[in-house]
Amino acid sequence: MGTLENRRKLTAVRGMGAALVGFAGWIVLYVVFGLIEPNIFTTNNMLNLLRSMAKYLLVGVGQGVILITGNIDLSIGSVVAMSAMISATMMSHGTAAIVAVCAAIVCCLLVGLINGLLVGKFKLPPFIATLGMTTILRGLAIALNRGYPLPIDPLHPMIAVGNGKLLGIPSVLLIAVLAFVACWFILNKTNIGRDVFAVGGNAEAAKFSGINLAATTIFSFVLSGVFTALAGVIMAARMYSGVPSCATALETDAITAVIIGGTSFTGGDGNIGGTIFGTVLLAVIVNCMVIFGLQEWMQK
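Because the structure is a prediction, the values reported are computed rather than measured.

What counts and what doesn't
Residues numbered from 1 in each chain as written. Predicted model: local features only at pLDDT ≥ 70, side-chain atom pairs only at ≥ 80, totals over all residues. Heavy atoms only, no water. Helix = DSSP H or I, 4+ residues; strand = E, 2+ residues; numbered from the N terminus. Rg over C-alpha atoms; globule rule 2.2 N^0.38 Å. Buried < 20%, exposed > 50% of the residue type's maximum accessible area, 1.4 Å probe, protein only. Contact = heavy atoms within 4.5 Å. Areas by Shrake-Rupley, 256 points an atom, 1.4 Å probe, with all protein chains shown as cover. Lys, Arg positive; Asp, Glu negative; His and termini not counted. Charge placed at Lys NZ, Arg CZ, Asp CG, Glu CD. Axes fitted to C-alpha atoms, helices over the stretch in contact; angles between N-to-C directions. Parallel < 35°, antiparallel > 145°, perpendicular 65-115°, else oblique. Nonpolar A, V, L, I, M, F, W, Y, C, P; charged D, E, K, R; others polar. Core = buried A, V, L, I, M, F, W, Y, C linked by side-chain atoms within 4.5 Å. Phe/Tyr/Trp six-rings, centres within 6.5 Å; stacked < 30°, edge-to-face > 60°. Lys NZ or Arg CZ within 6 Å of the ring centre and 35° of its normal. Expected span 1.5 Å × (residues − 1). Polar contact = N/O pair within 3.5 Å; in protein donor to acceptor, adjacent residues only side chain to side chain. Patch = residues over 30% accessible without salt bridge, like charges linked within 9 Å, V, L, I, M, F, W, Y side chains within 5 Å. Salt bridge = Lys/Arg side-chain N within 4 Å of Asp/Glu carboxyl O. Left-handed = near helix turned anticlockwise from the far one by under 90°. Disulfide = S-S within 2.5 Å.

1. A closer look at the overall build of the chain
Across its full length, the chain holds 13 helices and four strands. Its C-alpha atoms give the chain a radius of gyration of 19 Å, near enough to 19 Å, the size a compact globule of 300 residues would have. Judged by the C-alpha coordinates and their principal axes, the chain covers about 55 × 45 × 35 Å. Out of the 300 residues belonging to the chain, those deemed buried represent 50%. Expressed as a percentage of contacts within the chain between residues at least 6 apart in sequence, the contacts between residues at least 24 apart total 78%. If you sum the accessible surface of the chain, you get close to 13700 Å²; carbon and sulfur atoms cover 71% of it. A gap of 5 Å separates the mean positions of the 16 positive and 10 negative side-chain charges of the chain.

If you want it as structure tokens, here you go:
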């Protein structure tokens with residue numbers, strides 16, 4: 001146990017170092033881009049940047065938990081699209097915002113449960129299991145409205161949440177920050193959080209220590225499913241519609257943000273706090289490319 005605690009402390013130090021480097025890189029990058037294009041410093045652009053950070057932070061936190069266990073989830077983009085279409089379908093029929101959000105969360109939670117069972121219980125490689133789930137969910141998202149975007153009434157309360165502000169801060173960013181705080185608490189202050197690090201660090205040792213490997217793996221995928229569902233609802237509200245083709249390759253963006261933030265790709269090591277700086281850096285790069293007028297194919 002002492003060895004595990006020492007490793008976690010070392011991981012925290014490494015993660016903090018990566019976070020500080022990421023923060024410094026973000027400042028330099030933003031200043032340089034701002035000198036080239038002054039519109040980057042406008043209030044409207046800053047608000048758009050903060051709003052775009054929300055989806056990256058939510059999917060990044062979810063992917064980070066899975067990576068710490070030594071697994072990976074390639075279905076995140078499709079889960080976001082599925083969540084967006086489910087919430088948009090319900091909201092387009094006048095369903096209350098809270099009901100639509102809960103429905104999306106429950107559906108994505110079940111997807112996470114299935115992914116967790118396939119990987120943790122039935123021992124399928126996470127790459128194969130989640131890649132297959134990607135195809136299934138994207139097909140379902142397309143089938144919900146025959147491939148067409150599903151508009152949401154601009155007067156629906158969820159639209160106000162997705163595009164509004166609270167105390168001068170975009171509401172969606174506050175939601176993402178609350179989710180991050182909840183995840184940080186789980187990973188750092190609870191037994192299941194310690195189990196997540198132990199399983200990723202040495203699965204065999206964790207098993208002999210009495211940790212349920214399958215249950216821990218399932219938990220990580222379920223938690224990611226909840227955060228990813230919120231990202232999908234936010235995207236639907238921000239776009240005023242559910243778009244079945246949205247969030248394509250978002251899982252790679254999530255992995256990028258997490259790795260930049262100091263989480264190990266091999267599992268066991270990770271500082272969820274560093275994900276914030278990875279998210280910021282990624283959002284700044286995307287935002288600046290949009291401001292510079294780069295076409296989408298060039299951005300990719």
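2. With respect to the packing of helix α7 (residues 171-189) against helix α8 (residues 191-201)
Across the interface, α7 lies against α8 with an axial gap of 5 Å and an inter-helix angle of 75°. As far as their axial angle goes, α8 and α7 are roughly perpendicular. Of α8, the residues touching α7 (which contributes Ile186, Leu187 and Lys189) are Ile192, Gly193, Arg194, Val196 and Phe197. Taken together, the residues of the contact of α7 with α8 sort by class into five nonpolar, one polar and two charged.

3. Concerning the nonpolar core
Within the largest apolar cluster, 61 residues are counted, with the highest numbers of intra-cluster contacts made by Val80, Cys183 and Leu187. Here this core gets 10 residues from one element, more than from any other, and that element is helix α2 (residues 43-68). Excluding residues that lie within four positions of it along the chain, Val80 makes contacts with Val59, Thr228, Ala231, Gly232, Met235, Ala247 and Leu250. By size, the runner-up hydrophobic cluster in this structure holds six residues, among which are Val79, Cys108, Val111 and Met133.

4. Some details on the packing of aromatic side chains
Throughout the structure, instances matching the rule amount to one aromatic pair. Across from the ring centre of Tyr56, 5.2 Å away, lies the NZ or CZ of Lys55, which sits over that ring.

5. Describing the environment of Phe277
Following the sequence through the fold, Phe277 ends up in helix α12 (residues 274-291). What makes Phe277 partly exposed here is its relative accessible area of 25%. Measuring from C-alpha to C-alpha, the distance between Phe277 and Ala214 comes to 31 Å, with 63 residues separating the pair along the chain.

6. Brief notes about unusual backbone geometry
Even without being glycine, Arg146 reaches a positive phi, approximately 55°. Following the sequence through the fold, Arg146 ends up in the loop between α5 (126-143) and β1 (150-151). Note on Arg146: relative accessible area 70%, which makes it exposed.

7. Points about helix α10 (residues 213-239)
Given a rise of 1.5 Å per residue, 27 residues ought to cover 39 Å, and the 39 Å separating the end C-alpha atoms of α10 matches this to within 8%. Burial runs high along α10: 22 of the 27 residues are buried. Two or three places before Ala214, at the opening of α10, Asn212 has a side-chain oxygen 3.2 Å from that residue's backbone nitrogen. Following α10 by one or two positions, Tyr240 has its phi on the positive side, about 60°.

8. Observations regarding a nonpolar patch on the surface
Among the surface-exposed residues, Val28, Val32, Ile36, Phe292, Leu294, Trp297 and Met298 lie close enough to one another that they form a single nonpolar patch of about 690 Å² accessible area. Of all the secondary-structure elements, those providing two or more residues to the nonpolar patch are α1 (2-36) and α13 (296-299). Here the nonpolar patch takes three residues from α1, the largest share from any one element. Summarising the element assignment, Ile36 is placed in helix α1.

9. Considerations on the packing of α2 against α7
Packed helices, taken two at a time, are described by the angle their axes make and the gap between the axes. Running from N to C, α2 and α7 point in directions that differ by 20°, and their axes come no closer than 8 Å. With respect to each other, α2 and α7 are oriented roughly parallel. Between α2 and α7 lies a crossing of left-handed hand. Only Val172, Leu173, Ala176, Val177, Ala179, Phe180, Cys183 and Leu187 of α7 make contact with α2, whose side of the interface consists of Leu50, Arg51, Met53, Ala54, Leu57, Leu58, Val61, Val65 and Ile68.

10. Description of the state of the cysteines
Joining two cysteines, a disulfide is a covalent bond between their sulfur atoms. In the structure shown here, the tally under the stated rule is zero disulfides. Note on Cys102: no disulfide assigned, nearest cysteine sulfur contributed by Cys107 at a separation of 11 Å. On the basis of relative accessible area, Cys102 is assigned to the partly exposed category, the value being 40%.

11. Regarding the environment of Leu124
In this structure, Leu124 sits in the loop between α4 (97-121) and α5. Judged by relative accessible area, which is 33%, Leu124 ranks as partly exposed.

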